Amino acid sequence: MARTILPVKLHEKITVIIDDIRIDGMGIVYVTPTYPLYIADAIPGEKVFLEVIQVDKFSGYAKVIEIIEASNKRQNSHRQYLIAAGTAPLVNLKYDAQLELKQAQIKKLFQDKNITVTVEPTIGMHNPTYYRNKTIVPVKWQGGHLTSGFYRRGSHELVPMTDYFVNDQAIDQAIIKVRQVLENYKITAFDPDFEKGTIRYIMIRRGYYSHELMVVLVSNESALNFEKEIVKDIVAQLPEIKSLLFNFSPKKDFVLLSPNNRTLWGEDAIHDTLLGYDFIIGPNSFYQVNPQTTEVLYDLAAKKAALKPTDLVIDAYSGIGTIGITIANRVRQVIGVEVIPGAVADAQINMRANNINNADYILADAPKQFAKWQSERLQPNVVFVDPPRRGLTRELIQATTKMGPDKFVYISCNSVTLVRDATEIIQNGYHIDGPIVPVDQFPQTSHIESITIFKKNS
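Rules behind the numbers
Residues numbered from 1 in each chain as written. Predicted model: local features only at pLDDT ≥ 70, side-chain atom pairs only at ≥ 80, totals over all residues. Heavy atoms only, no water. Pairing = 2+ DSSP bridges. Helix = DSSP H or I, 4+ residues; strand = E, 2+ residues; numbered from the N terminus. Axes fitted to C-alpha atoms, helices over the stretch in contact; angles between N-to-C directions. Contact = heavy atoms within 4.5 Å. Buried < 20%, exposed > 50% of the residue type's maximum accessible area, 1.4 Å probe, protein only. Polar contact = N/O pair within 3.5 Å; in protein donor to acceptor, adjacent residues only side chain to side chain. Expected span 1.5 Å × (residues − 1). Core = buried A, V, L, I, M, F, W, Y, C linked by side-chain atoms within 4.5 Å. Phe/Tyr/Trp six-rings, centres within 6.5 Å; stacked < 30°, edge-to-face > 60°. Lys NZ or Arg CZ within 6 Å of the ring centre and 35° of its normal. Lys, Arg positive; Asp, Glu negative; His and termini not counted. Salt bridge = Lys/Arg side-chain N within 4 Å of Asp/Glu carboxyl O.

> How would you sum up the sheet that holds strand S1 (residues 13-17)? Please name residues and give values.
Strand order in the open sheet formed by six strands is S1-S5-S6-S4-S3-S2, with mixed pairing between adjacent strands. Among the strands making up the open sheet, the edge pair consists of S1 and strand S2 (20-21). Here strand S3 (residues 27-32) runs beside strand S4 (residues 35-39); their pairing, made up of five bridges, is antiparallel. Considered in S4, the bridge of Val29 is made with Leu37.

Structure below.
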């Protein structure tokens, strides 16, 4: 068999001009037209001196040794630890340039599929820092102390952090205090090298308007030593705390949080408001992490849908009911479908708490429920979908387009799967109506939320 000759060698040092930024925020340089190198903290147009740190037959990775000519879009955030962990890969890119990049990336993805679209400028934030209302961080004993942060890309080395730059600052302070209490009692932390230890993660949620605080101790083991003492000390340290929970989530299950929650102190959930509506938020609830732009996102999606008082609306992946409840006063009826039992229960509570009488929430797998509705000849006017990053299933697209709603409102958190799904939706008798609107839910990161309206062909 012929030996593959790579265009670069491991540990080779080269000077290059950065060509592009990948969808995950990594810089790209094409050593040959078909062999890319991926580089953290590299901006298109920059001249950099690199060392190749990983190679395979198709691509490689490199690290910046020196920036010879910096881009005028570069800023020094003085937070290289965020680059090392990969939690904020765009932190050294000026914010205006981040917004331009996200708009351009959506355009390019559609162009690559030969779909003609207009993409509006990305709607950004006035202050694109310290915005997240939730975080879940790993902990590990390092250097004799319990450390929190994020793992360095591709390693089991924890990058210590006290300032996460994207979290509500009260959340950052809560992490430190909870971690210190656990350290005081010498609680073991899960070690990925040995696959044993107790605490895997600390999860914190904080209501943007309510300031109610939830702390979740995510454990690899079913019991917590010194439980009563730890609970007492955490509650004493955090005046805003409303809910302290223990989540048993052994590593063998390969999930961050399991459904197995036990309330150690206070309430089972916290509350916050969104567009004037009150929502109950549990440890496993899907609730958008940037409440400031979520209000912009949902209000804009509803306006672009041009909802009418006679409309029947289906809300797929309805979660705790945030979209359906905030549009219910504009339409005749909302039906939400969600596969997670706790989320459906919360949605029903939220519906009653907000005096919504024209909504219903169903526990079902969305693709199967949509197929059932299609067979029953249910005729919605508008369907909202806000899927996870993996996007829609073919079954859901097929069932939805067969029901034939006038409009299909797609709120996406992953432009790659949006474009994939758009191709199939268009093939099934729809077209993109108006411009795609990017909304920057995740400043400093490579992620982008967007609104796309699909309209049934006449």
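> Lay out the sheet that holds strand S9 (residues 158-160) in plain terms, naming residues and giving numbers.
On the basis of which strands lie adjacent, the open sheet formed by seven strands has the order S9-S8-S7-S10-S11-S12-S13 and mixed pairing. The outermost strands of the open sheet, each flanked by one partner alone, are S9 and strand S13 (261-266). Between one strand axis and the next, the sheet turns by 35 degrees as a mean value, whatever way the strands run. Here strand S7 (residues 134-142) runs beside strand S8 (residues 145-151); their pairing, made up of four bridges, is antiparallel. Bridge pairing links Trp141 to Leu146 in S8. Relative to strand S10 (residues 199-206), helix H3 (residues 169-184) is tilted by about 145 degrees, and along the sheet it contacts S7, S8, S10 and strand S11 (213-219).

> Mind laying out the pairing of S1, listing which residues take part and the relevant values?
It is a general feature of regular strands that their side chains alternate between the two faces of the sheet. By the alternation rule, side chains of S1 split into Ile14 and Val16, which are all buried, and Lys13, Thr15 and Ile17, of which none is buried. Pairing analysis gives five bridges linking S1 to strand S5 (residues 47-55), with the strands arranged antiparallel. Paired with Ile14 across the two strands is Leu50, which belongs to S5.

> Can you break down the side chain of Gln98 residue by residue, with the values?
Summarising the element assignment, Gln98 is placed in helix H2 (residues 95-112). There is a polar contact of 2.9 Å between the side chain of Gln98 and the backbone oxygen of Leu93. Look past the residues within four positions of Gln98 in its chain and what remains in contact with it is Leu90, Leu93, Pro443 and Gln444.

> So what about H2? Which residues, and what values?
Between its first and last C-alpha, H2 extends 26 Å over 18 residues, near the 26 Å set by a 1.5 Å rise per residue. Taken as a whole, H2 has its buried residues at Tyr95, Ala97, Gln98, Leu99, Leu101, Lys102, Gln103, Gln105, Ile106 and Phe110.

> Before we move on, could you go through the nonpolar core and cite the residues and values that matter?
Looking at soluble globular proteins, one finds that nonpolar side chains tend to be buried together. Residues Leu307, Val313, Val334, Tyr361, Phe384 and Val409 are the most contacted members of the largest nonpolar core, which totals 43 residues. Contacts of Val313, omitting those with residues within four sequence positions, involve Leu307, Ile327, Val331, Gln333, Val334, Ile335, Val382 and Phe384. Core analysis: the second largest hydrophobic core is formed by 36 residues, Leu146, Ala174, Leu182 and Ile230 among them.

> Lay out the packing of aromatic side chains with the relevant residues and their values.
All chains considered together, the criterion is met by eight aromatic pairs. Measuring from centroid to centroid gives 5.8 Å for Phe150 and Tyr164, while their planes differ by 85 degrees, and the two rings are edge-to-face. Within this pair, whereas Phe150 is found in strand S8, its partner Tyr164 is found in the loop between S9 and H3, the two being separated by 14 residues in sequence. Residue classification places Phe150 among the partly exposed positions, given a relative accessible area of 22%. The ring of Tyr38 is capped by Arg22, whose NZ or CZ atom sits 3.8 Å from the centre of that ring. The ring of Phe190 carries the charged tip of Arg200 above its face, separated from the ring centre by 5.9 Å.

> Describe the side chain of Asp272, naming the residues involved and giving the relevant values.
Inspection of the secondary structure assignment puts Asp272 in strand S14 (residues 270-274). Summary of buried charges: Asp272 has no salt-bridge partner, and the nearest side chain of opposite charge, Arg206, is 8.8 Å away. At 3.0 Å, the side chain of Asp272 and the backbone nitrogen of Tyr209 are in polar contact. If sequence neighbours within four positions are ignored, Asp272 has contacts with Gly207, Tyr208, Tyr209, Ser210, Tyr277, Asp278, Phe279, Ile281 and Tyr287.

> Residue-level account of the pattern of salt bridges, with values.
Scanning all chains against the criterion turns up 18 salt bridges. A salt bridge links Lys140 to Asp193, with the shortest nitrogen-to-oxygen separation between them at 3.9 Å. Within this pair, whereas Lys140 is found in strand S7, its partner Asp193 is found in the loop between H3 and S10, the two being separated by 53 residues in sequence. The partly exposed category is assigned to Asp193, whose relative accessible area is 48%. Ionic pairing is found between Glu376 and Lys372, a salt bridge with its closest N-O pair at 2.8 Å. Look at the salt bridges and you will find they share partners, linking Asp41, Glu46 and Arg74 into a network.

> Tell me about the environment of Val409, and please be specific about residues and values.
Tracing the sequence through the fold places Val409 in strand S20 (residues 407-412). Under the relative-accessibility criterion, Val409 is labelled buried at 0%. Taking the C-alpha atoms as reference points, Val409 and Asn354, separated by 55 residues in sequence, lie 24 Å from one another. Excluding anything up to four places from it in sequence, Val409 contacts Ala301, Ala305, Val382, Val383, Phe384, Val385, Ile451, Thr452 and Ile453.

Remember, this is a structural readout, not a statement about activity or role.
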